[in-house]
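# Notes for the structure review
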Amino acid sequence: MSTPSDLKFLIVDDFSTMRRIVRGLLKEMGCNNAEEAEDGAVALNMLKSSKFDFVVSDINMPNMNGFELLGAIKKDESLKHLPVLMVTAEARKEDIVRAAQDGAAGYIVKPFTKATLEEKVQKIMQKLAATA
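Described below are features of the structure shown in this document. (Residues numbered from 1 in each chain as written. Predicted model: local features only at pLDDT ≥ 70, side-chain atom pairs only at ≥ 80, totals over all residues. Heavy atoms only, no water.)

### Considering the packing of aromatic side chains
What describes a pair of aromatic rings is the distance from one ring centre to the other and the angle between the planes of the rings. Keep this limit in mind: In this analysis, rings of Phe, Tyr and Trp, with Trp reduced to its six-membered ring, are considered paired at centre separations within 6.5 Å, and the interplanar angle assigns stacked below 30 degrees, edge-to-face beyond 60, and tilted for intermediate values. Numbering of helices and strands runs from the N terminus; a helix is a DSSP stretch of H or I covering at least four residues, while a strand is a stretch of E covering at least two. Relative accessible area decides the class of each residue, using a 1.4 Å probe on protein chains only: under 20% of the type maximum gives buried, over 50% gives exposed, and in between gives partly exposed. Charge-over-ring placement is defined geometrically: NZ (Lys) or CZ (Arg) within 6 Å of the ring centre, and within 35 degrees of the ring normal.
Throughout the structure, instances matching the rule amount to one aromatic pair. Pairing Phe9 with Phe54 gives two aromatic rings, centres 5.0 Å apart and planes at 40°, and the pair type is tilted. One end of the pair, Phe9, is in strand S1 (residues 9-12); the other, Phe54, is in strand S3 (residues 54-58), and 45 residues separate them in sequence. Each of the two residues, Phe9 as well as Phe54, counts as buried. The side chain of Lys8 reaches across the aromatic face of Phe52, ending 4.5 Å from its centre. Geometry around Phe67 places Arg98 over its ring, the cationic atom sitting 3.9 Å from the centre.

Rendered as structure tokens:
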């Protein structure tokens, strides 16, 4: 099973401070391979032009929100295997249900700790390893 440190992450959030926080948490987990995108449209282009192993995406963003990005990833034959961890400031039940139905691998509510992020990423990786 690949460990989080082997993975290449794409952090998608319209708020640069949040991207920096997520990148910092990933670094603390030993993941030094992360790139950033400020919205779903930019993220989708990056995903199509470069190989990523894991997407951490905010839901509320301009241009293309997290749900639209998730939908585009799941519709794309070359990307649909990618785990997408949704991040949002609102813990609305309908968002959590929609994220799961749309194929998100997990869901975290801001603000979150390194422990929460690490646990989610590891659970998702274990699930993927089990189905691989």
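Don't stop here, the text continues.
### Notes on the side chain of Asp13
Applied cut-off: Residues adjacent in sequence count toward polar contacts only when both atoms are side-chain atoms; beyond that, a polar contact is any pair of N or O atoms within 3.5 Å, and within protein one must be able to donate a hydrogen and the other to accept it. Every residue pair with non-hydrogen atoms within 4.5 Å of one another is taken to be in contact.
Along the chain, Asp13 falls in the loop between S1 and helix H1 (16-28). A polar contact of 3.3 Å, which involves the side chain of Asp13, links it to the side chain of Lys110. Residue contacts for Asp13: discarding those within four places in its chain leaves Met18, Arg19, Ala37, Glu38, Asp58, Met61 and Lys110.

### Looking at the side chain of Asp58
Its location among the elements puts Asp58 in strand S3. Judged by its relative accessible area of 4%, Asp58 is buried. Every residue in contact with Asp58, bar those within four places of it in the chain, is listed here: Val12, Asp13, Asp14, Gly66, Val87, Thr88 and Lys110.

### So, the pattern of salt bridges
Under the convention used in this document: By definition here, a salt bridge exists when the distance from a side-chain nitrogen of Lys or Arg to a carboxyl oxygen of Asp or Glu is within 4 Å.
Counted by the stated rule, this structure contains 14 salt bridges. The salt bridge involving Arg19 is made with Glu36; its shortest N-O contact spans 3.1 Å. You can see Arg19 sitting in helix H1 and its partner Glu36 sitting in strand S2 (residues 34-37), a full 17 residues away along the chain. Accessibility expressed as a relative area gives 11% for Arg19, which makes it buried. Here Glu77 and Lys80 are joined by a salt bridge, their closest N and O atoms 2.9 Å apart. Residue classification places Glu77 among the exposed positions, given a relative accessible area of 60%. When its relative accessible area of 38% is taken as the criterion, Lys80 is described as partly exposed. Sharing partners across several salt bridges, the network here consists of Glu90, Arg92, Glu94 and Asp95.

### A closer look at empty space enclosed by the protein
What counts, and what does not: Buriedness of a pocket was judged along seven lines, with at least five required to meet protein on both sides within 12 Å; pockets are open sets of points on a 1 Å grid over the protein atoms alone, cavities are sets where a 1.4 Å probe fits but cannot get out, and lining residues have an atom within 4 Å of a point. Grid points are joined across faces, edges and corners, and a volume is the space filled by probe spheres set on the points. Amino acids are sorted into nonpolar (Ala, Val, Leu, Ile, Met, Phe, Trp, Tyr, Cys and Pro), charged (Asp, Glu, Lys and Arg) and polar (every other residue, Gly among them).
Considering all chains together, one arrives at one cavity of 30 Å³ or more under this definition. Together, Ile11, Val12, Asp13, Met18, Val22, Val56, Ser57, Asp58 and Val87 line the largest cavity. Contributing elements (two or more residues each) for the lining of the largest cavity: S1, H1 and S3. Broken down by element, the lining of the largest cavity gets its largest block of residues, three residues, from S3. Residues belonging to the lining of the largest cavity are distributed by class as follows: six nonpolar, one polar and two charged.

Geometric values such as these leave the question of function open.
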